[in-house]
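Reading the structure
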Amino acid sequence: MSTAPTTAAAAAGDRAADRAGEPPLLRVRDLRVAFPTAAGPVRAVDGIDFTVRAGRTLGIVGESGSGKSVTSLAVLGLLRGAEVSGSVELAGRELRGLPDRELAKLRGRRMAMIFQDPMSSLHPFYTVGEQIAEAYRVHFGAGRRAARRRAVEMLGEVGIPEPARRAADHPHRFSGGMRQRVMIAMALACEPDLLIADEPTTALDVTVQAQILELIARIQAERGLGVVMITHDLGVVARVAHEVLVMYAGRPAEQAPVDELFADPAHPYTRGLLDSLPRLDDDPGVPLHTIPGSPPSLLAPGPGCAFAPRCFRAAEASGDVRARCEGTRPDLVPLRAGRLASCHLPLADGPSGRPSRRPSDRPAGGLPDPQDPTPAPEGTR
Amino acid sequence: MILYLARRLVGVAGVMLAICLVTFTIFYLLPADPAAAACGKTCTPERLAEVRHSMGLDEPLWRQFTDYLTGIFAGRELGEGPHALQCGFPCFGYSYEYSLPVWDLLTDRLPVSASLAFGAALMWLVLGLGTGIAAALRKGTRTDRTLMVGAVAAASLPVYFTAVMLIHGVVRVAGVLPYPEYAALTDDPLDWAANLLLPWTALALLYAAMYARQSRSSMIEAMAQPYIRTARAKGMPERAVVVKHGLRSGMTPVLTIFGMDLGGLLAGAVITESIFGIPGVGRLFFDALQRSDQPVILGVTLLAAFFIVAANLVVDILYAVVDPRVRY
């Protein structure tokens, strides 16, 4: 858990930054993305707000189709054929409305992104050295030789053995984990301030996952990088995030510091996600917990809370309370200290029903953390 | 790589031998008797037998075939006695019609067909790939639809229609160009190009339409690859994304069909050459067919097969150059 946040110190840092009036590294406000289709617009992202500060990690969690990736692509201006509205500010500069030419100068240079599938995200026809070097050349006007040196240096930094030799290899000569390292080297070659990682470990096996997360965390610490970690894996979030934004059906469900979110989720959806994690102390005969139903269509969202049809709180509620869940869309509002949730029936503070777990109980992917030699305390597993 | 090349060359030889055997057998089984044609109308049975013997037609199939093969590699003597014809290496037989070795006819006509093929290929590549790539980058827009409707229309026009319309429009009505009459490149390059302009256009239009559609779809596929998104995410200017990352993979499938098409055309574009009166291999083939000039038909068939097989080999080798994942 070398990356576990020191919440108090970080919060103090936030306050200091706010006082100085310094704009955050990334501020997204009321971001909306709709894809026009023959059947009408699909509202993939429907009003998302978040802030990322230098040196901090925001985890965005949600199931497939909840709008996580679309959000990140919208930040970089990489969505084509979509209707995007809202505000994306990078260090105080509004990116929305910038011509693509201007955005391209910021991509890779100030904000970089790594993707889920390192197999197909690298061009099969060019050597990895060439692919790292080309961005460096574009952004810094560097010559071939300097850019190549930089590529080798970056490959070494992300832990690829014999970087000078490997730079001349094509992507198919690398394993999945090594390719993701190459992606990271490529993303960080121009020293961006913000790194958006879109499920960077999903396509990798669990032991490699831990190494990649460790690598990102190390570089983040060295460079004071702001990181957005997009994932559907709560284990990853528990491990690397300071703040967590839970998304559901393109909308924010809950936003909280990571410890508090895991300790006592306020939104029934978050609660459902946490309860769905398999645990070693689960009774082997009992089926895993699931959230009943499936995510709603984003084509014609109803007027109420998107989660209401699957929500156990709404189901238990009396008639007119339930009518409110189904008829009025809840806003993301402060609930208690540092906690935002969009729910008419938030869960009360403190443990209720099935005991919740703190993130430190559960390393990434539910497997032992190779970087963490300390055994888990007795009785938590 | 060397080993692969050697293996492929052996394969090429095998394929050529098989094609040779099949074609030869077909001609052997045909009812047309070249001896009767050579003997003339006032032919007695004795004279016919004599001619058959001198042409080697009284030999069994396998014997005729091995003689033919020997001729290709070592040259041979056709006929016997004082009338024997010396047919030097590589001997593909003697044309009854022209009284010339088939090889001489082929080497004579090949530059003509090559002129037509390469000129047209250049035209259709520029036109077809330009259209296809432009449409792919504007996928779904009005421009894209217009270009593709045009391509479908052009692909539906048979070359004889296009050719005749071109001759009528450009030569007869507009009078911009003279009626095409082939002139060798080595004599007068300008004249060569001017006379080939219409045939090139007729042939290129058809191919350009097919290439536009092919390159559009493979370019769309290439531009949808995740590595294109990666290139954009690292801040490459859009032009570099398209040219360096998109085209390189988008044009690879086009390479395959281009090799085949060019190989096929080198052995003659029968219809185009016939309409424009271009004395190429295609025209030679057409005439030989009409006159049952079997050695010529056989020779052209083998030449065509050779070009296709060779083009295939070249394309496969180029693939390894283009795509580093391909290793032999």
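What comes next concerns the included structure. Remember, it's a predicted structure, so these values are computed and weren't measured experimentally.

1. A word on the nonpolar core
- In terms of nonpolar packing, the biggest core is built from 76 residues, with Leu-26, Phe-50, Ile-184, Leu-194 and Leu-195 of chain A touching the most fellow members.
- Broken down by element, this core gets its largest block of residues, seven residues, from helix H7 (residues 176-188) of chain A.
- Ignoring sequence-local partners within four residues, the contact set of Leu-194 of chain A consists of Leu-25, Leu-26, Val-52, Leu-90, Arg-110, Met-111, Ala-112, Leu-225, Gly-226 and Val-228 of chain A.
- Of all hydrophobic cores here, the second largest spans 66 residues; its members include Ala-117, Ala-120, Ala-163 and Leu-203 of chain B.

2. Observations concerning the pattern of salt bridges
Residues and elements named next belong to chain A.
- In the structure shown here, the tally under the stated rule is 34 salt bridges over all chains.
- Among the salt bridges present, the one from Lys-68 reaches Glu-199, with a minimum N-O distance of 3.5 Å. Highlighted residues: Lys-68 in helix H2 (residues 68-76) and Glu-199 in the loop between strand S7 (194-198) and helix H8 (206-223), separated in sequence by 131 residues.
- On the basis of relative accessible area, Lys-68 is assigned to the buried category, the value being 5%.
- In this structure, the salt-bridge partner of Asp-281 is Arg-279, at a minimum N-O distance of 3.1 Å.

3. What to know about a nonpolar patch on the surface
Residue and element names in this part refer to chain B.
- The grouping of Leu-157, Tyr-160, Phe-161, Met-165, Val-270, Ile-271 and Phe-286 at the surface amounts to a nonpolar patch, some 610 Å² of accessible area in total.
- Contributing elements (two or more residues each) for the nonpolar patch: helix H7 (159-173) and helix H12 (270-276).
- Considering the arrangement of structural elements, one finds Ile-271 in helix H12.
- By relative accessible area, which is 42% here, Ile-271 ends up partly exposed.

4. A short note on the layout of surface pockets
Residue and element names in this part refer to chain B.
- Of the voids in this model, the largest pocket is the one considered here, and its volume is about 1,300 Å³.
- For the lining of the largest pocket, the secondary structure elements donating two or more residues are helix H1 (2-29), helix H2 (34-39), helix H3 (45-54), helix H4 (61-74), strand S1 (76-78) and helix H14 (294-322).
- For the lining of the largest pocket, the per-class residue count stands at 20 nonpolar, 10 polar and 11 charged.
- Viewed by domain, the lining of the largest pocket spans two of them, domain 1 (16-87) and domain 2 (105-322), each represented by three or more residues.

5. Description of the sheet that holds strand S8 (residues 226-231) of chain A
Residues and elements named next belong to chain A.
- Strand order in the open sheet made by the eight strands is S6-S7-S8-S3-S9-S10-S12-S11, with mixed pairing throughout. Every interior strand has two partners, whereas the edge strands, strand S6 (111-114) and strand S11 (333-336), have only one. Each adjacent strand pair in this sheet contributes to an overall mean axis angle of 20°, direction not counted.
- Along the sheet, helix H11 (residues 268-275) makes contact with strand S9 (243-248) and strand S10 (251-257), crossing S9 at roughly 100°.

6. What about the sheet that holds strand S4 (residues 83-90) of chain A?
Residues and elements named next belong to chain A.
- The strand order across the open sheet built from four strands is S2-S1-S4-S5, with neighbouring strands paired in antiparallel fashion. Since the sheet does not close on itself, it has two edges, and those belong to strand S2 (42-52) and strand S5 (93-94), each with one partner.
- With seven bridges connecting them, strand S1 (residues 26-35) and S4 associate as antiparallel partners. The partner of Leu-26 across the bridge, within S4, is Leu-90.

The rules behind the values
Residues numbered from 1 in each chain as written. Chains lettered and ligands numbered in written order. Predicted model: local features only at pLDDT ≥ 70, side-chain atom pairs only at ≥ 80, totals over all residues. Heavy atoms only, no water. Core = buried A, V, L, I, M, F, W, Y, C linked by side-chain atoms within 4.5 Å. Buried < 20%, exposed > 50% of the residue type's maximum accessible area, 1.4 Å probe, protein only. Helix = DSSP H or I, 4+ residues; strand = E, 2+ residues; numbered from the N terminus. Contact = heavy atoms within 4.5 Å. Salt bridge = Lys/Arg side-chain N within 4 Å of Asp/Glu carboxyl O. Patch = residues over 30% accessible without salt bridge, like charges linked within 9 Å, V, L, I, M, F, W, Y side chains within 5 Å. Areas by Shrake-Rupley, 256 points an atom, 1.4 Å probe, with all protein chains shown as cover. 1 Å grid on protein atoms, 1.4 Å probe; cavity = no way out; pocket = protein on both sides within 12 Å on 5 of 7 lines; lining within 4 Å. Points joined across faces, edges and corners; volume = space filled by probe spheres on them. Nonpolar A, V, L, I, M, F, W, Y, C, P; charged D, E, K, R; others polar. Domains from an automatic or database assignment. Pairing = 2+ DSSP bridges. Axes fitted to C-alpha atoms, helices over the stretch in contact; angles between N-to-C directions.

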